[in-house]
Amino acid sequence: FQQNMLQDVVRTSLYRRAVFENGVDFRGKVVVDVGCGSGILSFFAAQAGARKVYAIEASRAADDARMLVRGNGLESVITVVHGKVEDVELPEECDIIISEPMGTLLVNERMIESFVIARDRFMRKSADGSGIAPGCNMFPSRSTIYLAPFCDESLFAEQYNKTLFFAQNEFHGV
C-alpha cells in the first residue's frame, strides 16, 4: 500500500521539495501529518526543522511508521498516533498540516475530508477565532484537476464486463 507512494519518485520528490523550499514555515513549528502511512512526509518535516510532528495513521502502517521513527532516532520529534483524525486527541495545536490526500480526482481515497477535519480540529486559530492563525499553512493548500476525454476500447470492455456480474438473476443458487 505505501509502496506506491514511496516508489512514485516524482510525487515524493515534489513533496520533499515543497517542504524544503518552504523550510521557514516548518522550522520550530508543530506539524500534523494526516494519514502518515510510512511517515515519509513526517520525516521531511522533521528534517526541515519542525519542533514536533504528530504523524496520524488509522491503519496498521502506524506500527511500521513507529518502527521507522525509532530506527532513525527521531522519537523526540515525531510521535506516531494510531487512529482516525476524527477520533484522536493531540496535546497541542499545530502550525502546519501536511498530507498526501489526492487519490483519483481528489476524492478516491476520501482523505480530503480528513485533511479538512484536521484543519478544523488541530490548527491554531486566529486571535479573534474567525479562522486560521497567521503563519499557519496546509501542504498542499490547493490543487488543480485536469480532465481530458479519451476512448480506450479494452478498458471500456473490462469495466462493462464487470457490470454484467450484477445483471445476474441468480448467483450460486441465491
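Just above, that's the structure.
So, here is what we can say about the structure in this document. The numbering scheme is per chain: residues are counted from 1 as the chain's sequence reads. Predicted model: local features are reported for residues with pLDDT of at least 70 only, side-chain atom pairs are reported and counted for 80 or more only, and whole-chain, interface and lining totals are derived from all residues. Processing note: side-chain calculations cover all non-hydrogen atoms of the structure and skip hydrogens and water entirely.

1. Topic: the state of the cysteines
So, step 1. In plain terms, two cysteine sulfur atoms within 2.5 Å form what is called a disulfide here. Under the definition given, this model contains 0 disulfides.
So, step 2. Here cysteine 36 stays free of any disulfide, with the sulfur of cysteine 94 as its closest cysteine sulfur at 14 Å.
So, step 3. Looking at cysteine 36, the relative accessible area reads 6%, which means it is buried.
So, step 4. The structure places no disulfide on cysteine 136, whose sulfur is separated from the nearest cysteine sulfur, that of cysteine 94, by 6.8 Å. A 1.4 Å probe rolled over the protein chains alone gives each residue an accessible area, and that area as a share of the maximum for its type sets the label: buried under 20%, exposed over 50%, partly exposed in between.

2. Side note on the sheet that holds strand β3 (residues 78-82)
So, step 1. Overall, parallel pairing links the 5 strands, which are arranged β3-β2-β1-β4-β5 in an open sheet. Edge strands, defined here as strands with exactly one partner in the open sheet, are β3 and β5 (137-139). Ignoring which end each strand starts from, the neighbouring axes of this sheet average 20° apart.
So, step 2. Examined bridge by bridge, strand β1 (residues 30-34) and strand β4 (residues 96-99) share 4 bridges and lie parallel to one another. In the strand pairing of β4, valine 34 is matched with serine 99.
So, step 3. The strands touched by helix α4 (residues 40-47) are β1, β2 (52-57), β3 and β4; relative to β2, the strand with the most contacts, the crossing angle is about 175°. Pairing between strands requires that DSSP locate at least two bridges from one strand to the other. Strands here are runs of E lasting at least two residues and helices are runs of H or I lasting at least four, both read from the DSSP assignment and numbered beginning at the N terminus. Every angle, taken between N-to-C directions, lies between 0 and 180 degrees, and every axis is a line fitted to C-alpha atoms, over only the stretch in contact when it is a helix. The contact rule is simple, with two residues in contact once any of their heavy atoms fall within 4.5 Å.

3. As for the pattern of salt bridges
So, step 1. By convention in these notes, a salt bridge is any Lys or Arg side-chain nitrogen within 4 Å of a carboxyl oxygen on Asp or Glu. Considering all chains together, one arrives at 9 salt bridges under this definition.
So, step 2. The partner of glutamate 21 in a salt bridge is arginine 17, with the nearest N and O atoms 3.2 Å apart. Taken together, the residues glutamate 21 and arginine 17, both in helix α2 (residues 9-21) and 4 residues apart, mark about one turn of the helix.
So, step 3. Of the charged contacts, one joins lysine 162 and glutamate 158 as a salt bridge, the two residues approaching to 3.7 Å between their closest N and O atoms. One end of the pair, lysine 162, and the other, glutamate 158, are both in helix α7 (residues 153-164), 4 residues apart, so they sit about a helical turn from each other.
So, step 4. Taken together, the salt bridges that share partners define one network made up of Arg60, Asp63 and Arg66.

4. A short note on the nonpolar core
The nonpolar side chains of soluble globular proteins are, as a tendency, buried together.
So, step 1. In this text, buried Ala, Val, Leu, Ile, Met, Phe, Trp, Tyr and Cys residues form a nonpolar core when linked through side-chain atoms within 4.5 Å. Judged by nonpolar contacts, the single largest core of 23 residues is most densely connected at Phe26, Val31, Val53, Ile78, Val80 and Ile98.
So, step 2. The element best represented in this core is α4, accounting for 5 residues.
So, step 3. With sequence-adjacent residues up to four places away left out, valine 31 is seen in contact with Phe26, Ala45, Ala50, Lys52, Val53, Tyr54, Cys94, Ile96 and Ile98.

5. So, the packing of aromatic side chains
So, step 1. Two rings from Phe, Tyr or Trp (for Trp, the six-membered ring) form a pair when their centres sit within 6.5 Å of each other. Planes less than 30 degrees apart are called stacked, planes more than 60 degrees apart edge-to-face, and all others tilted. Going through the model one piece at a time under the given rule, you end up with 2 aromatic pairs.
So, step 2. Between phenylalanine 26 and phenylalanine 139, the ring centres sit 5.1 Å apart and the planes meet at 40°, which makes this aromatic pair tilted. Placement of phenylalanine 26 in helix α3 (residues 23-26) and of phenylalanine 139 in strand β5 is noted, with a sequence separation of 113 residues between them.
So, step 3. Phenylalanine 26 gets classed as buried once you look at its relative accessible area, which sits at 0%.
So, step 4. When the ring of phenylalanine 156 is compared with that of tyrosine 160, the centres are 6.0 Å apart and the planes differ by 15°; the resulting orientation is stacked. With phenylalanine 156 and tyrosine 160 both in helix α7 and 4 residues apart, this pair spans about one turn of that helix.
So, step 5. Take phenylalanine 156: its relative accessible area is 57%, and that puts it in the exposed class.

6. Describing the packing of α2 against α4
So, step 1. It is the contact of α2 with α4, at a shortest axis distance of 9 Å, that shows an interaxial angle of 25°. When the interaxial angle is binned, α2 and α4 end up roughly parallel. The hand of the α2/α4 crossing is right-handed. Contacts between α2 and α4 pair Thr12, Tyr15, Arg16, Val19 and Phe20 from the former with Ile40, Leu41, Phe44, Ala45 and Gln47 from the latter.
So, step 2. The classification used treats Ala, Val, Leu, Ile, Met, Phe, Trp, Tyr, Cys and Pro as nonpolar, Asp, Glu, Lys and Arg as charged, and all other residues, Gly among them, as polar. Broken down by class, the residue content of the contact of α2 with α4 amounts to 7 nonpolar, 2 polar and 1 charged. Roughly parallel refers to an angle under 35 degrees, roughly antiparallel to one over 145, roughly perpendicular to one between 65 and 115, and oblique to any angle outside these ranges. If you view the pair so one helix is near and one far, a crossing is left-handed when the near helix is turned anticlockwise from the far one by less than a right angle, and right-handed when it is turned clockwise.

What is shown is where atoms sit, not what they do.
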